[in-house]
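Results of the structural survey
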Amino acid sequence: MNRLTSEDISSVIRDSTIISPFLLIPDTSCCFYTDTMSPLRIDGQRLMSRIMDLAEISPIEGGGNCRLALTDEDKAGRDLVVTWMKDLGLSVSIDVVGNIIGTWNVGHGAPVMTGSHIDTVRTGGKYDGNLGVLAGLEVIETLQQAGVTPQRPFAVGVFTDEEGARFAPDMLGSLVFVGGLSVEEALDINAIDGPRLGDELTRIGYAGNTPCPQTPPHAFVELHIEQGPILEANNVRFGAVTGVQGISWQELTIVGQSNHAGTTPMRLRKDPVVVVAEVAKFLHDLALRFGGNQICTVGKIDVHPNLINVVAARATMTLDVRNTDEMVLRQAEQEIASFIAEVALREGVTTTVRTLARFEPVQFDQRVIDIVHRHTTDLGHTVQYMPSGAGHDAQMLARVCPTAMIFTQSKDGLSHNAAEYTSPEDLEAGSNILLQTMLTLAETDFS
Ligand code: GLV
Ligand code: MN
Ligand code: MN
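Notes on the structure follow. Since the model is a prediction, treat every value here as computed from it, not as a measurement.

Once that is clear, we can look at the coordination of the manganese ion (ligand 3). Taken together, Asp128 (OD), Glu163 (OE), Glu163 (OE) and His416 (NE2) make up the full set of protein donors to the manganese ion (ligand 3), lying 2.1 to 2.5 Å away. Written as a sequence motif, the donor residues of the manganese ion (ligand 3) are D-x34-E-x252-H. In this structure, the manganese ion (ligand 3) lies 3.6 Å from the manganese ion (ligand 2), and both are coordinated by aspartate 128. Note that aspartate 128 is positioned in the loop between β5 (112–116) and α4 (130–146) and histidine 416 in the loop between β18 (403–408) and α13 (424–443), a separation of 288 residues in sequence. Looking at histidine 416, the relative accessible area reads 40%, which means it is partly exposed.

The subject of this paragraph is the layout of surface pockets. Its volume calculated, the second largest pocket comes out at about 210 Å³. Listing elements by their share of the lining of the second largest pocket, those giving two or more residues are β3 (91–94) and β4 (100–104). Its residues placed into classes, the lining of the second largest pocket shows six nonpolar, seven polar and no charged.

It is worth spelling out empty space enclosed by the protein at this point. What the rule picks out here adds up to one cavity of 30 Å³ or more. Taken together, Asp74, Arg78, Ile118, Asp119, Val158, Phe159, Thr160 and Asp161 make up the lining of the largest cavity. The class makeup of the residues in the lining of the largest cavity is three nonpolar, one polar and four charged.

Let us look at unusual backbone geometry. In this structure, the amide linkage connecting alanine 168 to the following residue, proline 169, adopts the cis form with an omega of 10°. Structurally, proline 169 is set in the loop between β6 (154–158) and α5 (172–177). Following histidine 304, the chain continues into proline 305 via a peptide bond in cis, with omega recorded as 5°. When you line up the elements, proline 305 lands in the loop between β12 (301–304) and β13 (310–311).

Here we take up the site of ligand 1. Ligand 1 sits among Glu162, Glu163, Trp249, Arg322, Ala390, Gly391 and His416. In the environment of ligand 1, an oxygen atom lies 3.4 Å from a nitrogen or oxygen atom belonging to the side chain of histidine 416. Contact with the protein chains hides 94% of the accessible area of ligand 1, taken as 190 Å² for the molecule alone. When the residues that make up the shell around ligand 1 are grouped by side-chain class, the tally is two nonpolar, two polar and three charged.

Residue position: aspartate 365 is located in the loop between β16 (362–363) and α11 (366–378). Among the polar contacts listed, one links the side chain of aspartate 365 to the side chain of arginine 367, at a separation of 2.7 Å. For aspartate 365, the residues in contact, after removing those within four places along its chain, are Pro402 and Thr403.

About the cut-offs
Residues numbered from 1 in each chain as written. Chains lettered and ligands numbered in written order. Predicted model: local features only at pLDDT ≥ 70, side-chain atom pairs only at ≥ 80, totals over all residues. Heavy atoms only, no water. Donors = N, O, S within 2.8 Å, 3.2 Å for Na, K, Ca; no water. Helix = DSSP H or I, 4+ residues; strand = E, 2+ residues; numbered from the N terminus. Buried < 20%, exposed > 50% of the residue type's maximum accessible area, 1.4 Å probe, protein only. 1 Å grid on protein atoms, 1.4 Å probe; cavity = no way out; pocket = protein on both sides within 12 Å on 5 of 7 lines; lining within 4 Å. Points joined across faces, edges and corners; volume = space filled by probe spheres on them. Nonpolar A, V, L, I, M, F, W, Y, C, P; charged D, E, K, R; others polar. Near = heavy atom within 4 Å. Polar contact = N/O pair within 3.5 Å; in protein donor to acceptor, adjacent residues only side chain to side chain. Areas by Shrake-Rupley, 256 points an atom, 1.4 Å probe, with all protein chains shown as cover. Contact = heavy atoms within 4.5 Å.

Rendered as structure tokens:
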């Protein structure tokens, strides 16, 4: 394998006897080439065909997917990806929380790792997570076909329950992978529909025996769709992701007094739904008042008994509160807690709060961020440094090894939506950035 620097390009161009047509293409400077001097490029059609094959499992109206973690649909997706890994000759390990790691055992030392997740939210798109896993396989297949052997093993991770939509917290598999949550605690978490995570893993045949925490990789890089509107709005094609904002997930349960909707005077009610409405509005207003990167969402509300003519007995709502600044995030949490206490007193209800996830903002490794940025520029694409609004497995890997991410544009900023879309050209170009980045990471000494 040859790696050409700008200086190499200049000297090659000076030496007309070895000039190659590829070298005149401006976007191929400073990249890894094959021994025959052809630039390493992934196969965009093969990548798309895997993305579409995976999307055929559990399709939903509008072109997306419902593959909630550890459901039968998730199992079918996992089985397909494992088949692809085996077809590429990867050694496949399943760990005690169901993370699937496919490793191409070449070179020496700890692997350069990539990957993401294939679980989705209930109304997910085709690309969230899936891209990162399938681009990893595509990078390996490209190198294998080109006869290029990296200096270190390359590993692709499929992390369990990144979404956290069925089992909180989000990024659960990668959190356990790095030792941020004990295996016992993780296996004991209950799904929103009841079952225990450990039992669901066994049921779908993905309760593996590789222990966690696992040995840290040499470095980690994840390709992901942006899932937001910033790149498109700025007319910039890729993001070199600098970190991930802090996430606070809470579940608020409000218990009131169930009663007859026709006979109970308004002044005598203890109505949990009124509190739900007030808390939801408070969160919305708080985010606007704080401004900056403050984000608040109420995405799930359950009311019991959920009938037209009954003042509810109980309501449960989720609070998703995020900020890139830990101090501001704490301030938001405090103000929300005070408001809940105040409104509960006023409405005569009792409240309990359960923390579902709490992760501080994460800063990625500047060296890896810069490698991503440099390769994106060298491949001729526009790129900007940016933080991630969404949570990602990379934020957990960042605890144990040098890590960063690559973002591709999301059309209309849509994600967690069946209409999620990124063009095939961007998926291919992003995967080429991933390929170059992984090869550079393999050669980088981070000590
Ligand atoms: C994960 O998708 C998140 O909620 O950020
Ligand atoms: Mn994702
Ligand atoms: Mn997601």
